[in-house]
Structures are given as structure tokens and as C-alpha cells.
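# Overview (structure and organization)
Chain by chain, the residues:
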Amino acid sequence: MSIVIAIGPMPPPLNGATLVNAAVCARLASRTTLHVVDTSVEAKFHSRYHLKRALRHGVALTVIARHCRSKGKRSVYLTCPGGYALWYIIALAICARALGYVTVVHHHSFAHQSRVSVAMRTLVRVVGNRGKHVLLCPSMRERFEELYQPLGASSVCSNVSWVTLTDLESDRQQNVGHPFRIGHLGSLSRAKGLQELPGLVTALVGDGIDSELWLAGSAPTRADQLALDAALAVL
């Protein structure tokens, strides 16, 4: 059986990346010999946060090295973050390639597609043609390939792929007779679509669909707060 080392944040905390990682690992566990390295970190102090992240990625390096002589196909599954933690991923990718692993990079953030990133360019070169990149949608892949011209294969896997039919059926039964609800949770910012949501809800209502918008979180900047206030005024 093939060996997969999955490295990335796992629940808790609960967010899009950790939930997808948990679902991916559950699928891999039934088909491979899976080793999971959880890189989730919760710390109140900035310096302590980065120290903990460095230590957890150091653990990941030791796991990669420990299994480098295992028989069969060996792969490393990496969750690609949107911030400076990408440099940790580069170190893991270098180690994985040097030890003969196939590297799969799952991109969860559009940050490196909205602007050219030196770190992402470095990661793409390190992965080379021995790895694969997984993007969230066709437009994300097109932009990624345009900016970074990866040598390895790339594919699209929407986060919807990890929502089970059981989940959808349960939600449908619970929401019979209730308005169609759109939730925007977390960072209430223009970059995450805050300005588009009022227009979406207005269009749905205009088409006769009873709809409502639920917001939970905070606006990170003054400009985002103004956009939030404008959205609430429209609705």
C-alpha cells in the first residue's frame, strides 16, 4: 500500500482549510498508509505563534525523513497557506523532493493568484515536474498557470467535493419552509466578497426567492467597515 504524509492544519480551529484537510485525510486513510502532521497553532503572542509553527513544521520534516526508505509509492500532501507560512512549506517540499517523494500541493488561498509571489514562484520551482498542484476552480488554475508556469500537473477540486450528500439532505430537511440563507462568516472584507453579497440577495429576492444574509465576524479595516455599513443599509 502507498504511503502518504499529510501536513497541514487540522480542526480545531474550524475553518475552510481545516475542514477540507480533515475530509481529505479521512478519504486517504481508507486507501493508503496515512501519517498526519497537524500544523494548527493557536497563540496570543506573535513571536510565540511563529515559534510554534516552526516547531510543528520541524516535526513534519522528521516524519518525512523517517519514512523515506519505505517501500511502495511515497507522497507528501501539503496544504498551501496564503501568508508567510508558505516558506515553511517550501522547506518541506525541498526535503520531500530530495528524498524521492511525490509532492501534492493543495492551494486554499487566492492570495498568490491575485499578485505575484516570490515564495510561490520558489515553491513551484521546487516541486517541479515531480509534483502536482490542486486548485479550487478553473479560473484559479488558469491564473496560477499564467503567473507561475508550473512544470508539474495541475487539477481542479472544488471544496464542494468534500460536502457529502448526507450533509446536503440533512440541511434540506432542516430548512424546509425557511428562507434561503446566505452566510458570510469570518473576515467581513471587500476582498472576500462583502460588496457583492447585498446585490446577490437583492437579485434573489427580485426573482421571488425568499432570501436573507447572515453576517458574523468583524471588518478588518476602516474601508471594510464602511463597506459593511453600506451593505447593511442596502438590505
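Report follows, based on the coordinates. (Residues numbered from 1 in each chain as written. Predicted model: local features only at pLDDT ≥ 70, side-chain atom pairs only at ≥ 80, totals over all residues. Heavy atoms only, no water.)

## Considering the pairing of strand E4 (residues 102–107)
Note the threshold: Paired strands are those between which DSSP finds at least two bridges. A run of H or I in DSSP becomes a helix once it reaches four residues, and a run of E becomes a strand once it reaches two; helices and strands are each numbered from the N terminus.
As paired strands, strand E3 (residues 74–80) and E4 are joined by six bridges and run parallel to one another. Directly across from Thr79, in E4, lies its bridge partner His106.

## Focus: a nonpolar patch on the surface
Rules: Two distance rules govern patches: like charges are joined within 9 Å, and nonpolar side chains (Val, Leu, Ile, Met, Phe, Trp, Tyr) within 5 Å, applied only to residues with over 30% relative accessible area and no salt bridge. The Shrake-Rupley method, run with a 1.4 Å probe, gives the accessible areas here. Residue values count only the displayed protein chains as cover. In the sections that follow, a salt bridge refers to a side-chain nitrogen of Lys or Arg positioned within 4 Å of a carboxyl oxygen of Asp or Glu. With a 1.4 Å probe rolled over the protein chains alone, any residue whose accessible area is under 20% of its type maximum counts as buried; one over 50% counts as exposed, and the rest are partly exposed.
Nonpolar side chains collect at one region of the surface, where Tyr84, Trp87 and Val118 lie side by side and expose about 420 Å² of accessible area between them. Its place among the elements puts Tyr84 in the loop between E3 and helix H3 (86–98). For Tyr84, a relative accessible area of 72% puts it in the exposed group.

## Some points on the side chain of His107
Stated formally: Two N or O atoms form a polar contact when they lie within 3.5 Å of each other; inside protein one atom must be a possible hydrogen donor and the other a possible acceptor, and for residues adjacent in sequence the pair counts only when both atoms belong to side chains. Every residue pair with non-hydrogen atoms within 4.5 Å of one another is taken to be in contact.
Relative to the elements of secondary structure, His107 occurs in strand E4. Here the side chain of His107 touches His133 through a polar contact of 3.0 Å, side chain to side chain. When near neighbours in sequence (up to four residues on either side) are disregarded, His107 contacts Cys80, Met120, His133, Val134, Leu135, Leu136, Met140 and Phe144.

## Description of a positive patch on the surface
Note the cut-off: We treat Lys and Arg as the positive residues and Asp and Glu as the negative residues; His and chain ends play no part in the count. By convention, the point assigned to a charge is CZ for Arg, NZ for Lys, CD for Glu and CG for Asp.
A surface patch of positive charge is lined by Lys73, Arg97, Arg130 and Lys132. As for its placement among the helices and strands, Lys73 is situated in the loop between helix H2 (46–66) and E3. By relative accessible area, which is 54% here, Lys73 ends up exposed.

## Section: the state of the cysteines
To keep it simple, the criterion reads: Cysteine sulfur atoms that come within 2.5 Å of each other are treated as a disulfide pair.
Summed over all chains, the structure comprises zero disulfides. Left unpaired, Cys68 is separated from the closest cysteine sulfur, that of Cys95, by 8.1 Å. The thiol of Cys137 is unpaired, and the distance to the nearest cysteine sulfur, on Cys157, comes to 12 Å. Cys137 sits in the partly exposed class, given a relative accessible area of 21%.

## Notes on the environment of Arg143
The topology assignment puts Arg143 in helix H6 (residues 138–148). Taking relative accessible area as the criterion, Arg143 reaches 31% and is therefore assigned partly exposed. The spacing of Arg143 and Ala6 is 137 residues in sequence and 26 Å in space, taken between C-alpha atoms. Discounting chain neighbours no more than four positions away, the residues touching Arg143 are Gln113 and Ser114.

## Concerning the sheet that holds strand E1 (residues 3–8)
Rules: Axis definition: a line fit to C-alpha positions, over the contact stretch in the case of helices; interaxial angles, taken between N-to-C directions, run 0 to 180 degrees.
Spatially, E2-E1-E3-E4-E5-E6 is the arrangement adopted by the six strands of the open sheet, whose pairing is parallel. The open sheet terminates on both sides in strands that have one partner only, identified here as strand E2 (33–38) and strand E6 (153–156). Ignoring strand direction, the axes of neighbouring strands in this sheet form an average angle of 20 degrees. Those strands touched by helix H1 (residues 16–29) are E1, E2, E3 and E4, and its axis lies near 160 degrees from that of E2.

## Things to note about H6
To be explicit about the condition: As used here, the arc belongs to the directions running from the helix axis to the C-beta atoms.
When we look at burial in H6, the residues that qualify are Met140, Phe144, Leu147 and Tyr148. The arc that holds the buried residues of H6, viewed along the axis, is 75 degrees, so those residues lie on one side. In this structure, H6 carries Glu142 and Glu146 as exposed residues pointing more than 90 degrees from its buried face. At its buried positions, H6 is contacted by E4, helix H4 (111–114), helix H5 (118–127) and strand E5 (131–135). Looking one or two residues beyond H6, the residue adopting positive phi is Gln149, at roughly 45 degrees.

## A closer look at the layout of surface pockets
For the record, the criterion: Put plainly, a pocket is an open set of points on a 1 Å grid over the protein atoms alone with protein on both sides within 12 Å along at least five of seven lines, a cavity is a set where a 1.4 Å probe fits but cannot get out, and a lining residue has an atom within 4 Å of a point. Grid points are joined across faces, edges and corners, and a volume is the space filled by probe spheres set on the points. Residues were grouped as follows: Ala, Val, Leu, Ile, Met, Phe, Trp, Tyr, Cys and Pro as nonpolar; Asp, Glu, Lys and Arg as charged; and all remaining residues, including Gly, as polar.
If you add up the space inside the largest pocket, you get close to 1,300 Å³. Together, 38 residues line the largest pocket, and Asn15, Gly16, Ala17, His108 and Lys192 are the ones closest to its centre. Where the lining of the largest pocket is concerned, the elements lending two or more residues are E1, H1, H2, E3, strand E7 (180–187) and helix H8 (196–206). Among the elements that line the lining of the largest pocket, the one with the most residues is E7, at five residues. Split into classes, the residues belonging to the lining of the largest pocket amount to 16 nonpolar, 19 polar and three charged. Taken as a whole, the second largest pocket holds about 410 Å³ of empty space. Lining the second largest pocket we find 20 residues, and of these Val24, Leu28, Tyr77, Val104 and Val134 sit closest to its centre. Residue assignment for the lining of the second largest pocket shows that the elements contributing at least two residues are H1, E3, E4, E5 and E6. In the lining of the second largest pocket, the residues fall into 11 nonpolar, five polar and four charged.

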